[in-house]
Amino acid sequence: MKKNTTSIRESFTDRIFLWAVYAFLCIVMLIVLYPLIYIVSSSLSSPEAVTSGQVWLWPVDFSLEGYIEVLQNSDVLRGFRNSILYTIGYTVIAVVLTVIFAYPLSRESFYGRTILMFFILFTMLFYGGLIPEYLVVQKLGMLDTPWAILIPKAMAVWQIIIARTFFQSSVPEELVEASEMDGCSSLKFLWYIVLPLSKPIIAVLALMYAVYQWNSYFDAMIFLKSEELFPLQLELRELLIVQSDSGANMDVAEQQRRTQLANLMRYSLIVISSLPVLVIYPFAQKYFVKGMLIGSVKG
């Protein structure tokens, strides 16, 4: 009888604990979800409602004026095109270089891999700074060219470590030895065997690099001078500054209207710039989880 009472008491305590955990997670979810809902609702509201603070949860005075103004702006469309090209080009280059660099480091037969790994980790801990990086880009003739965005940070140490660990866990040495006995070269083995087995980690690398490049603006602000090469994030920054400062020589009514429109466009631009990542992520999610688990836990 005593045993049953203890069991019931423990069960009741566990239930309280689980309900507390669920309540905490719901609060965290609301804290994370509310800013997203607020941004979307503000982008679908009228400029007057956004500026006056009437938007709280749902759109007020439903309007697409913010999206219309953004999509009619040639600078934003040009920046959107540039960001897509930069993201695709950077992702392809970075994934190829990361795979080519990480796979040899995962093989025990590769001589000197410990020394190379030490230098890779050294760059993760110590960074030369912005001035040396700018001088290197300038000396290589990449200043104010798309290569200044694509090349200098084409590989990341963390991604190399994840890919190397994945190759160590998923491609056993016995498979390499069997391919060598059959006369398969290292390049053919990488292309026909390793890459088909590495779809999860390739998806992880592609998603990481793509999100980084899509959200990046600092390199473009430092290395690019021509507005024709500006990515979307830099165009958004310039557009908001212009919208905020353009009302100096206008009457009060027009200045107020432009200020309200600038506030509305800010939310519309955030939604538009976030859409590509939100569209890509569901297709890469199944590979992303598997690749992250294998590439970070084992090894």
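One can find the structure itself at the top, above this paragraph.
The rules we used
- Residues numbered from 1 in each chain as written.
- Predicted model: local features only at pLDDT ≥ 70, side-chain atom pairs only at ≥ 80, totals over all residues.
- Heavy atoms only, no water.
- Patch = residues over 30% accessible without salt bridge, like charges linked within 9 Å, V, L, I, M, F, W, Y side chains within 5 Å.
- Areas by Shrake-Rupley, 256 points an atom, 1.4 Å probe, with all protein chains shown as cover.
- Salt bridge = Lys/Arg side-chain N within 4 Å of Asp/Glu carboxyl O.
- Helix = DSSP H or I, 4+ residues; strand = E, 2+ residues; numbered from the N terminus.
- Buried < 20%, exposed > 50% of the residue type's maximum accessible area, 1.4 Å probe, protein only.
- Core = buried A, V, L, I, M, F, W, Y, C linked by side-chain atoms within 4.5 Å.
- Contact = heavy atoms within 4.5 Å.
- 1 Å grid on protein atoms, 1.4 Å probe; cavity = no way out; pocket = protein on both sides within 12 Å on 5 of 7 lines; lining within 4 Å.
- Points joined across faces, edges and corners; volume = space filled by probe spheres on them.
- Nonpolar A, V, L, I, M, F, W, Y, C, P; charged D, E, K, R; others polar.

Together, Phe17, Leu18, Trp19, Tyr22, Phe24, Leu25, Ile27, Val28, Ile31 and Val32 give the surface a local cluster of nonpolar side chains, amounting to about 1100 Å² of exposed area. For Leu18, the location among the structural elements is in helix α1 (residues 2–43). Owing to a relative accessible area of 42%, Leu18 belongs among the partly exposed residues under this scheme.

Right, let's get into the nonpolar core. Nonpolar side chains tend to gather and get buried jointly when the protein is soluble and globular. In this structure, Tyr103, Phe167, Val194, Ile201, Leu205 and Leu224 are the most contacted members of the largest nonpolar core, which totals 34 residues. Those elements that place two or more of their residues in this core are α4 (74–106), α5 (113–125), α7 (147–150), α8 (157–170), α10 (186–197) and α11 (199–215). Apart from residues no more than four positions distant in its own chain, Leu224 is found in contact with Tyr86, Asp144, Thr145, Ile149, Asp219, Leu229, Phe230 and Pro231.

Turning our attention to empty space enclosed by the protein. Under the counting rule described, the total for this entry stands at one cavity of 30 Å³ or more. A volume near 70 Å³ is recorded for the largest cavity. In terms of lining residues, the largest cavity is bounded by Tyr86, Tyr90, Ile149, Lys153, Tyr212, Gln213, Ser216, Tyr217, Asp219, Ala220, Leu224 and Pro231. Every element with two or more residues in the lining of the largest cavity is listed here: α4, α11 and α12 (218–223). Broken down by class, the residue content of the lining of the largest cavity amounts to eight nonpolar, two polar and two charged.

So, on to unusual backbone geometry. Although it is not a glycine, Asp61 sits at a positive phi angle of roughly 55°. Considering the arrangement of structural elements, one finds Asp61 in the loop between α2 (47–52) and α3 (65–71). You will see that Asp144, though not glycine, has its phi angle at about 60°, which is positive. In this structure, Asp144 sits in the loop between α6 (130–139) and α7.

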